[in-house]
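Below are the chains, spelled out letter by letter.
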Amino acid sequence: MAVNLTELSLQQLEGLKTQFDQEVEFLTSSIGQLKVVQTKYVEAKDSLNVLNKSNEGKELLVPLTSSMYVPGTLNDVEHVLVDVGTGYYVEKNVEDSKAFFKRKIDFLTKQIEKIQPALQEKHGMKQAVIEVMNVKIQQLQQSQQASQAVGPAKA
């Protein structure tokens, strides 16, 4: 159902603009969250590149928290534990882990690509509402100026 924006009142247009503002904000936030998760998967996939035979037995710092580490030794360069979600970890070899992260990255990329057009459409609709609001405000101001100019002449 198409709505002619020029037939709506300023108050209705303001409500519509507020709705579009919220939708644009939600979609922008969703894309941002997907990109954060995507970046984590990219970093995880890239970090697998240090797991090779030449690094076996080397010392490294193992994170206990985001700001606390303990020294460790890299004993197994062929297997890793991968967080597959909701607190579950699966042991995988390095190549399977890379493939897992690639699938996750590709999935998130597709989700972002699906949301992007909706965001652009909502933004365009919001701009159209703002343009109609500006025209209506100008018309209102002109009619007020015209009535003020006519008012004193009668007195």
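What comes next is a walk through the structure. (Residues numbered from 1 in each chain as written. Predicted model: local features only at pLDDT ≥ 70, side-chain atom pairs only at ≥ 80, totals over all residues. Heavy atoms only, no water.)

Let's talk about the nonpolar core
Generally speaking, a soluble globular protein has its nonpolar side chains buried in company with each other.
Phase 1 of the analysis: Grouped together as the largest cluster of nonpolar side chains are 19 residues, with contacts concentrated most on Leu48, Leu51 and Phe101.
Phase 2 of the analysis: Secondary structure elements with two or more residues in this core: α1 (10-47), β3 (79-85) and α2 (94-154).
Phase 3 of the analysis: Ranked by residue count, the leading element in this core is α2, at eight residues.
Phase 4 of the analysis: By size, the runner-up hydrophobic cluster in this structure holds seven residues, among which are Leu5, Phe20, Val129 and Val132. (Core = buried A, V, L, I, M, F, W, Y, C linked by side-chain atoms within 4.5 Å. Buried < 20%, exposed > 50% of the residue type's maximum accessible area, 1.4 Å probe, protein only. Helix = DSSP H or I, 4+ residues; strand = E, 2+ residues; numbered from the N terminus.)

A short note on α1
Phase 1 of the analysis: Between its terminal C-alpha atoms α1 stretches 55 Å, which fits the 56 Å expected from 38 residues at 1.5 Å a residue.
Phase 2 of the analysis: The complete set of buried residues in α1 reads Leu13, Phe20, Val24, Leu27, Ser30, Ile31, Leu34, Gln38 and Tyr41. (Expected span 1.5 Å × (residues − 1).)

A closer look at the packing of aromatic side chains
Phase 1 of the analysis: If you walk through the whole model with that rule in mind, you get two aromatic pairs.
Phase 2 of the analysis: Each ring, one from Phe100 and one from Phe101, has its centre 5.4 Å from the other, and the planes form 70°; the classification is edge-to-face. Here Phe100 matches Phe101 in class, with each residue buried.
Phase 3 of the analysis: Put simply, the rings of Tyr41, Phe100 and Phe101 touch in pairs and so form one group of aromatic residues. (Phe/Tyr/Trp six-rings, centres within 6.5 Å; stacked < 30°, edge-to-face > 60°.)

Side note on unusual backbone geometry
Phase 1 of the analysis: In the Ramachandran plot, Thr86 falls in the positive-phi region, its phi being about 45° despite a non-glycine side chain.
Phase 2 of the analysis: Position of Thr86 among the secondary structure elements: in the loop between β3 and β4 (88-93).
Phase 3 of the analysis: Taking the relative accessible area as the measure of exposure, Thr86 reaches 77% and is therefore exposed.

Just geometry here; none of it tells us what the structure is for.
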